[in-house]
Amino acid sequence: MTASRLALRFVALGYLAAILVVPVAFILYKTLEPGPAAVWRSITTPAAVHAFWLTIEVAAIAVPLTTLFGMVCALVLARTRVPGRSVLEALIDLPFAVSPVVIGLALFLLYGREGWLGPTLAEAGIQVIFSVPGIVLATVFVCLPFVVREVTPVLREVGDEAEQAATTLGASPWQTFRRITLPAVRWGLAYGVVLATARAIGEFGAVSVVSGKVSGETETLTLLVEKRFTNFDLAGAYAASGLLAAIALATLLAMTLINRKGAVA
Amino acid sequence: MGTTAVTVPTRRRARPTRRLGGAGALGFGISTLWLSVIVLLPLAALVDRSLHDGLGEFWRDITARQAVAALRFTILISLAVTVINAVMGVLIAWVLVRDEFPGRRVVNALIDLPFALPTVVAGLTLLALYGDAVAYTKWAVLLALLFVTLPFVVRSVQPVLLALDREMEDAAASLGARPATVFRRIVLPNLTGAIVSGAALAFARAVGEFGSVVLISGNKPFDTQVTAVYAYKQVESDNATGAAAVSVTLLALSLGVLVALRVFERWATRHDR
Amino acid sequence: MRFRQLLCAVAVLAAVLAAGACGGASDESGGAQVAAASADGGRQTLSLVAFSTPEVVYDELIPAFRKTEDGAGVGFKTSYGASGEQSRAVEAGLNADIVHFSVEPDVTRLVKAGLIDESWKSGPSKGIGTNSVVSFIVRKGNPKDIRGWDDLLRPGVKVVTPNPFTSGAAKWNILGAYQHGGLSFVEKLIKEHVTVQPKSGREALQTFTGGEGDVLISYEYEYTLAARKGQDDVELVVPDDTFLIENPIAITKDAGPAAKAFLDYVLSPAGQQFFANWGYRPVSKEVFDRNRDKFATPSKITSIADLGGWEKVDKELFDPQTGSVARIEEEAGVSTGD
């Protein structure tokens, strides 16, 4: 145990504390400041309850879709030789790079009343933008890369010998997938799912533009935070933020339990 | 270079199986379809709108003085943040992987918090915390961006660091090399790929950040206004075309970074293939 | 096996949670009553899309409306946000029966889109729902002794006002300055005294209460809200010459009969009293007189009609490319930037 090791630890943890921990601890502190009863009241108003369920509902739709896509895509990237794979792989990262303002604007231009698809969908009676489907679309957009990026490297690293052996022994593709592939990637998959969930719950920018903010209908928890903040209901804003932070921490706790292979020795 | 960098292959490319031929194509089709509908189609609508009034107008939109100033500021501050978080990212990853202290697992879990916390909450908090001192200055933007890009390099470096074979380091140490030299000559070269990968993502994320920055930066044109906020302003001024044009620039920038990253990765792992 | 069990548990949990999503309603003070309104559904459901500030008023007004004969059984869906954003949302398809915005151009946009009839201004209040005046909000005790517009130009005075290009409502503030000293006044103000340009009026208020600047140019009623919500270290100063803020309200073309009834209620003495209680100047003279003691009386109030109407003003001053204010803002950037 040397001085330099201690120094490194100190610097690393100090930086994390300043940038990460202190802000979050601050939110939790501000949240609990008015007392647990006030906080409970604040997060059980009809609008808050609805916002909570809406947020969960959107995540419950977006995350499984993302997982399915992620799994399929990872298999294509790691197990096939289809030409165009690398283009696909490059495009996967696109959502990381797109600003929420841009996503919102783009969705508007596509699904809005005067957008590309808007009028057609409207005629079919489908309202995408300013209703839950729009929120789901925006959320799916931002969550897209997560599962793929976690599963693909694992698939590549694990190699396909076991799968090949299984096939040689007469297993069907589905059996091979279920019995060999899936268990091999399960922790990477779980980690990706958890990340996607956290992201889905926390999305604000793009949703803000496409949701319409109809209280009790299309107002998610993050939008509620903003609204309360805007209305000078700071205690309420912190309460809702605290709830979000708590969900986030619960998600992270799930991750710690899963203990992603290779993250920490 | 005195010594050649010793690279430990971090991925073994499995020989693709031809048995998945048909299914592979199907899978590819599904993936591409999903990606197109969810991501590419909206972006196509965006690009289309940006050219709505012709190329001339597009050019004028992106060379407007405020737009250029915003872009310059955005790029510079994002670069600064990327560099800081790349350095700190390696440091943090090192401490998390090689060091042991109580609460290490908790700290490790916390790293992903910026993914989970809504940007509005982050902005709100930073504003409340650091308030007067930094509000509405470039430092505020820096702080907000440091927060949202923190996880990228840490998370990309960690697995590599973990998989690293310590024999090389031990050998060097036993031959008398100081820890700093061991790190610089043996460990770091192996991390370069991961660092660049994480940094590229961090940069792409930083240039587009809106939610936390808009609250805390004051958005002064030519001063603390980032491109995302400028685009927002254009939307609010009923200039959707201008907003789209500026957005396309931002997109091209981020895409460029990601593509460069892929090219770099292919080059870096060329010996593995 | 452990993983599979975990997976099953998560799936079940997700299903339960997803199934639990239930309808709700508007938030906070009037929340419970408005909630009952929505759940009721009843005869008709009205969608109110408004700018963000009157939310507190509607939380009280809507339940009162429901108690009237016309309003019994009417459900409400409400959406509040920045005026421009809300207007654009309605244009792009957000369902709305009644709209209440901050500035007239936000309604004109919908008229042009064919969603609101051109005759929306022909009612007794000429399409206006609420009034206010451009005022100053200063620190308690008014340490910098701000009384009128000229005080804003004193050396060292830092002014907070939202950006007129992200906040349509912020245009009122600029017009306040404009009526006092014309473009040269506005120019001096923006170039030398405006330190921060938040993207909305509400954000500007928060910026100010957060400690930035010496004076905030704002709507008179924002002060009432701030004071009621516990921001007690600020006070209101109404300059002697100022600008009349007129917030338009209109019903959309395919709104049902209950919408008209609601609009009538909003404009009625009963409805306007709710607004007066929150610091808005009532549209009806009768209600205004009744509440006279709440409001300061500047000797000169200019209105948008005096300047030739919104279309003219928007084009000359606020056009993002050619407007005078756009030019000023562009030039201002040069002097305040590095």
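Residues numbered from 1 in each chain as written. Chains lettered and ligands numbered in written order. Predicted model: local features only at pLDDT ≥ 70, side-chain atom pairs only at ≥ 80, totals over all residues.

### Side note on the overall build of chain C
Quick reminder of the rule: Helix and strand assignments come from DSSP, with helices taken as H or I runs of at least 4 residues and strands as E runs of at least 2, each series counted from the N terminus. Here a residue counts as buried when 20 or more other C-beta atoms fall within 10 Å of its C-beta, as exposed when 12 or fewer do, and as partly exposed in between; the C-beta atoms come from the backbone. What counts as a contact is two residues whose backbone-derived C-beta atoms lie within 7 Å of each other.
Helix and strand counts for chain C come out as 14 helices and 10 strands. Taking all 338 residues of chain C together, the buried fraction comes to 51%. Expressed as a percentage of contacts within chain C between residues at least 6 apart in sequence, the contacts between residues at least 24 apart total 73%.

### Description of the overall build of chain B
Regarding its fold elements, chain B presents 12 helices and zero strands. Listed N to C, the secondary structure of chain B is α-α-α-α-α-α-α-α-α-α-α-α in terms of helices and strands. Split into buried and exposed, the 273 residues of chain B put 52% on the buried side. The long-range fraction of contacts in chain B, counting pairs at least 24 apart against all pairs at least 6 apart in sequence, stands at 81%.

### Considerations on the domain arrangement of chain B
Residues and elements named next belong to chain B. For the record, the criterion: As annotated, the domain borders come from an automatic or database domain assignment. Throughout, the ten residues Ala, Val, Leu, Ile, Met, Phe, Trp, Tyr, Cys and Pro are labelled nonpolar, Asp, Glu, Lys and Arg are labelled charged, and all others, Gly among them, are labelled polar.
The domains assigned to chain B are domain 1 (19-50) and domain 2 (54-272). Between the C-alpha centres of domain 1 and domain 2 the distance comes to 27 Å. Facing five residues of domain 1, the contacting portion of domain 2 comprises eight residues. Residues belonging to the side of domain 1 that touches domain 2 are distributed by class as follows: three nonpolar, one polar and one charged.

### What about the interface of chain B and chain A?
Listed per partner, the contact involves 84 residues of chain B and 82 residues of chain A. The biggest single contributor to the side of chain B that touches chain A is helix α1 (residues 21-50) of chain B, with 18 residues.

### Remarks on the confidence of the model for chain B
Put simply, the test is: The predictor attaches a confidence to each residue, called pLDDT, with possible values from 0 through 100.
Taken as a whole, chain B shows an average pLDDT of 82; of its residues, 89% reach a score of 70 or greater. Of all helices and strands in chain B, the one with the weakest mean pLDDT is helix α6 (residues 119-134) of chain B (74), whereas helix α3 (residues 65-98) of chain B scores best (93).

### As for unusual backbone geometry
Residue and element names in this part refer to chain A. Backbone geometry places K213, a non-glycine residue, at a positive phi of 50°. Residue classification places K213 among the buried residues on the basis of 27 C-beta atoms within 10 Å. The phi dihedral of F232 falls on the positive side, at around 65°, and the residue is not glycine. One can find F232 in the loop between α12 (221-230) and α13 (234-258).

### Some points on the environment of L41 of chain B
The topology assignment puts L41 of chain B in helix α1. Among the residues examined, L41 of chain B registers 17 C-beta atoms within 10 Å and is labelled partly exposed. Beyond its immediate stretch of four places on either side in the chain, L41 of chain B contacts L110 of chain A together with S36 of chain B.

### Regarding the nonpolar core
Put simply, the rule reads: Here, a nonpolar core denotes buried Ala, Val, Leu, Ile, Met, Phe, Trp, Tyr and Cys residues that are linked to one another through C-beta atoms within 7 Å.
Of all hydrophobic cores here, the largest spans 270 residues; its most connected members are L105 of chain A, A144 of chain B together with I98 of chain C. For this core, the leading source of residues is helix α3 (residues 46-79) of chain A, giving 21 residues. Apart from the residues lying within four places of it in its own chain, the contact partners of I98 of chain C are L46, L48, I249, I251, A255, A259, F262 and L263 of chain C.

### Points about the pairing of strand β1 (residues 44-51) of chain C
Residue and element names in this part refer to chain C. Note the threshold: One requirement defines pairing of two strands: DSSP has to find at least two bridges between them. Looking down the strands as they point away from the viewer, one classifies a crossover as right-handed if the path from the first strand across the helix to the second runs clockwise.
In terms of residue burial, β1 counts as a mostly covered element, since six of its eight residues are buried. When β1 meets strand β2 (residues 74-81), the two strands line up parallel, connected through eight bridges. Across the sheet, F51 pairs through a bridge with G81, a residue of β2. A crossover links β1 with its parallel partner β2, the connecting element being helix α3 (residues 55-67), and its sense is right-handed.

### Comments concerning the environment of D241 of chain C
Residues and elements named next belong to chain C. With respect to the helices and strands, D241 occurs in strand β9 (residues 241-251). A C-alpha to C-alpha distance of 24 Å links D241 and E329, two positions 88 residues apart in sequence. Residue contacts for D241: discarding those within four places in its chain leaves Q179, H180, P298, S299 and K300.

### Thoughts on the domain arrangement of chain C
Residues and elements named next belong to chain C. Once the domains are mapped, chain C shows domain 1 (25-130 + 246-294) and domain 2 (132-244 + 298-336). With 18 residues of domain 1 in contact, the opposing surface of domain 2 contributes 17 residues. Within the residue set of the side of domain 1 that touches domain 2, elements represented by two or more residues are α4 (83-91) and α5 (104-112). A per-element tally of the side of domain 1 that touches domain 2 places α5 first, with three residues. Per-class residue counts for the side of domain 1 that touches domain 2 are seven nonpolar, seven polar and four charged.

### Observations concerning helix α11 (residues 227-236) of chain B
For the α-helix, the turn length of 3.6 residues means that residues three or four positions removed from each other point alike. For α11 of chain B, the tally of buried residues reaches 10 of 10 residues, placing the bulk of the element in the interior. For α11 of chain B, the set of buried residues is T227, A228, V229, Y230, A231, Y232, K233, Q234, V235 and E236 of chain B. Those residues of α11 of chain B hidden inside the fold are in contact with α6 (100-111) of chain A, α3, α9 (179-208), α10 (211-216) and α12 (240-268) of chain B together with α4 of chain C.

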